[in-house]
Amino acid sequence: MNNILLPVAGFSGRQLTGNKINKTVRKIGDLKTIFSDQAAYGDTSPDKIVYEVESYLPVKEGTTGGLFFGITFIQPGKVGDEYFMTKGHFHKIADRAEFYWGIEGEGMLILMDKYRKTWAEKMYPGSLHYIDGYTAHRTANTGASVLSFGACWPSDAGHDYDSISQRGFSKILVQENGQPILIDRK
Ligand code: M6P
Ligand code: ZN
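What counts, and where the lines are drawn
- Counting starts from 1 at the beginning of each chain's written sequence and moves along it residue by residue.
- Chains carry letters from A onward and ligands carry numbers from 1 onward, assigned in written order.
- Only residues with pLDDT of at least 70 get local features here, since the model is predicted, and only at 80 or more are side-chain atom pairs given and counted; chain-wide, interface and lining totals rely on the full set of residues.
- Hydrogens and waters are ignored; side-chain quantities use all the structure's heavy atoms.
- When at least one non-hydrogen atom of a residue lies within 4 Å of a molecule or strand, that residue is treated as near it.
- As used in this structure description, the phrase polar contact means that two N or O atoms lie within 3.5 Å; if the pair is within protein, one of them must be able to donate a hydrogen and the other to accept it, and residues adjacent in sequence are counted only when both atoms belong to side chains.
- Note on areas: Shrake-Rupley, 1.4 Å probe, and residue coverage restricted to the protein chains presented here.
- Under the DSSP-based scheme used, a helix requires at least four consecutive residues in state H or I and a strand at least two consecutive residues in state E, with every element numbered from the N terminus.
- Throughout this entry, Asp, Glu, Lys and Arg are counted as charged residues, while Ala, Val, Leu, Ile, Met, Phe, Trp, Tyr, Cys and Pro are counted as nonpolar. The remaining residues, Gly among them, count as polar.
- Candidate patch residues must exceed 30% relative accessible area and have no salt bridge, after which like charges are joined if within 9 Å and Val, Leu, Ile, Met, Phe, Trp or Tyr side chains if within 5 Å.
- When a carboxyl oxygen of Asp or Glu lies within 4 Å of a side-chain nitrogen of Lys or Arg, that pair is called a salt bridge.
- The positive count covers Lys and Arg only, the negative count covers Asp and Glu only, and His and the chain ends enter neither.
- A charged residue contributes its charge at one atom only: NZ of Lys, CZ of Arg, CG of Asp or CD of Glu.
- Working definition: with a 1.4 Å probe on protein chains only, accessible area under 20% of the residue-type maximum means buried, over 50% means exposed, and in between means partly exposed.
- For Na, K and Ca the donor cutoff is 3.2 Å, while for all other metals N, O and S atoms must lie within 2.8 Å; water is not among the atoms, so some sites may look incomplete.
- Geometry assignment treats four donors as tetrahedral when all angles are between 85 and 135 degrees, treats four as square planar and six as octahedral when opposite donors are over 155 degrees apart and all others between 65 and 115, and treats everything else as irregular.
- Pairing of aromatic rings covers Phe, Tyr and Trp, the last counted by its six-membered ring, and requires centre-to-centre distances within 6.5 Å; plane angles under 30 degrees mean stacked, over 60 mean edge-to-face, and any other angle means tilted.
- At least two bridges found by DSSP between two strands are what make those strands a pair.
- Each axis is a line fitted through C-alpha atoms, taken for helices only over the stretch in contact, and angles between the N-to-C directions span 0 to 180 degrees.

*Asks:* Before we move on, could you go through the site of ligand 1 and cite the residues and values that matter?
*Replies:* Ligand 1 sits among 14 residues. The nearest are Tyr51, Glu98, Tyr100, His159 and Tyr161. Contact between ligand 1 and Gly88: an oxygen atom at 2.9 Å from a main-chain N or O atom of the residue. Within the side chain of Tyr161, one N or O atom sits 2.4 Å away from an oxygen atom of ligand 1. Starting from 370 Å² of accessible surface for ligand 1 in isolation, the protein chains cover 96%. Of all the secondary structure elements, the ones that give two or more residues to the shell around ligand 1 are β4 (49-56), β8 (98-104) and β13 (147-154). Considering every element that reaches the shell around ligand 1, the biggest residue donor is β13, with 3 residues. Here the residues of the shell around ligand 1 are counted per class, giving 7 nonpolar, 5 polar and 2 charged.

*Asks:* Describe a negative patch on the surface, listing the residues and the values that go with them.
*Replies:* A cluster of acidic side chains, namely Asp37, Asp43, Asp81 and Glu176, defines a negative patch on the protein surface. Using a relative accessible area of 70% as the deciding quantity, one classes Asp43 as exposed.

*Asks:* Could you give me a rundown of the side chain of Thr44, with the residues and numbers involved?
*Replies:* One can find Thr44 in the loop between α1 (38-42) and β4. Of the residues examined, Thr44 reaches a relative accessible area of 19% and is grouped as buried. From its side chain, Thr44 meets the backbone oxygen of Ala40 in a polar contact 2.8 Å long.

*Asks:* Talk me through the coordination of the zinc ion (ligand 2); I want residue IDs and the actual numbers.
*Replies:* Tetrahedral coordination by four donors puts the ideal angle at the metal at 109.5 degrees, and octahedral coordination by six puts it at 90 or 180 degrees. Taken together, the protein donors to the zinc ion (ligand 2) comprise His89 (NE2), His91 (NE2), Glu98 (OE) and His137 (NE2), at separations of 2.0 to 2.2 Å. Coordination at the zinc ion (ligand 2) is irregular: its 4 donor atoms span angles of 86 to 157 degrees at the metal. Spacing between the donor residues of the zinc ion (ligand 2) along the chain follows H-x1-H-x6-E-x38-H. Residue His91 is located in the loop between β7 (82-83) and β8, and its partner His137 is located in strand β12 (residues 136-141); the two are separated by 46 residues in the primary sequence. Looking at His91, the relative accessible area reads 5%, which means it is buried. Taking relative accessible area as the criterion, His137 reaches 1% and is therefore assigned buried.

*Asks:* So what's going on with the packing of aromatic side chains? Residues and values would help.
*Replies:* Geometrically, a pair of aromatic rings is defined through the distance of the ring centres and the angle of the planes. Per the stated rule, a full pass over the model turns up 5 aromatic pairs. When the centroid spacing of 5.9 Å and the interplanar angle of 75 degrees are considered together, the rings of Phe68 and Trp153 count as edge-to-face. Of this pair, Phe68 sits in strand β5 (residues 67-74) while Trp153 sits in strand β13; the two residues are 85 residues apart in sequence, bridging distant segments of the chain. On the basis of relative accessibility, which here comes to 2%, the residue Phe68 falls in the buried class. Taking 4.6 Å as the distance between ring centres and 45 degrees as the angle between the ring planes, the aromatic pair formed by Tyr100 and Phe149 counts as tilted. In this pair, Tyr100 is assigned in strand β8 and Phe149 in strand β13, connecting sequence segments 49 residues apart. Classification of Tyr100 by relative accessible area gives buried; the value is 6%.

*Asks:* Give a detailed account of the pairing of strand β11 (residues 128-131), specifying residues and quantitative values.
*Replies:* Residues of β11 alternate between two faces, with His129 and Ile131 buried on one and Leu128 and Tyr130 left unburied on the opposite face. With 4 bridges connecting them, β8 and β11 associate as antiparallel partners. Bridge pairing links Trp101 to Leu128 in β11.

*Asks:* Could you give an account of the sheet that holds β13, with specific residues and numbers?
*Replies:* Taken in spatial order, the 6 strands make up an open sheet running β3-β4-β5-β13-β8-β11, and their pairing is antiparallel. Strands with a single pairing partner mark the edges of an open sheet, and in this sheet they are β3 (21-27) and β11. Taken over all neighbouring pairs, the strand axes of this sheet differ in orientation by 20 degrees on average, direction set aside.

*Asks:* Before we move on, can you summarise the sheet that holds strand β10 (residues 118-123) with the specific residues and values?
*Replies:* Read across the sheet, 3 strands follow the order β10-β9-β12 without closing on themselves; strand pairing throughout is antiparallel. Two strands close off the open sheet at either side, each with one partner strand: β10 and β12. Ignoring which end each strand starts from, the neighbouring axes of this sheet average 25 degrees apart. Strand direction decides the pairing type here: strand β9 (residues 107-112) and β10, joined by 6 bridges, are antiparallel. Each residue of the ladder has a partner; that of Leu109, found in β10, is Glu121.

Set out below in structure tokens:
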């Protein structure tokens, strides 16, 4: 029996465990160019946590043929009318796809193709989302509790944040009459 090993990482409840787990915390202060209402952004404490990502990276970043696994936890909240959300990215190797799936809470997956056409899919516990290559992706928490979702992506995909931090998505997700709607970015 001593040739049978325990897995090096685990997924217990809502957390990833193991020694190849990378943790990232994103606070308001790290998200300067992300939210569209700059006045409301300036009124929000820079130390407020917006989201955390736990990723299991079993191979070196950039390895062709490997996979990464992550769980993202987005706090409930808004900057102005815009829901707390991730930075969002295209992949550096642009054709690489990704799976997301909802674990807890409610939210929206906001997607934008290379022609800047933007749309959204509802996220809820058990929702499953295939994100095609060449498609920018970001998630927003539209509920009153933490939104968590899983992700699996190729280990050579990389993150291209530049075009998003410069031009954003063409639409933003805001609360209007208590409901999330996608509106054109001014
Ligand atoms: C998911 C994956 C990760 C990503 C994270 C947060 O877990 O897509 O690759 O880092 O969401 O998104 P972002 O990097 O856009 O802030
Ligand atoms: Zn991605």
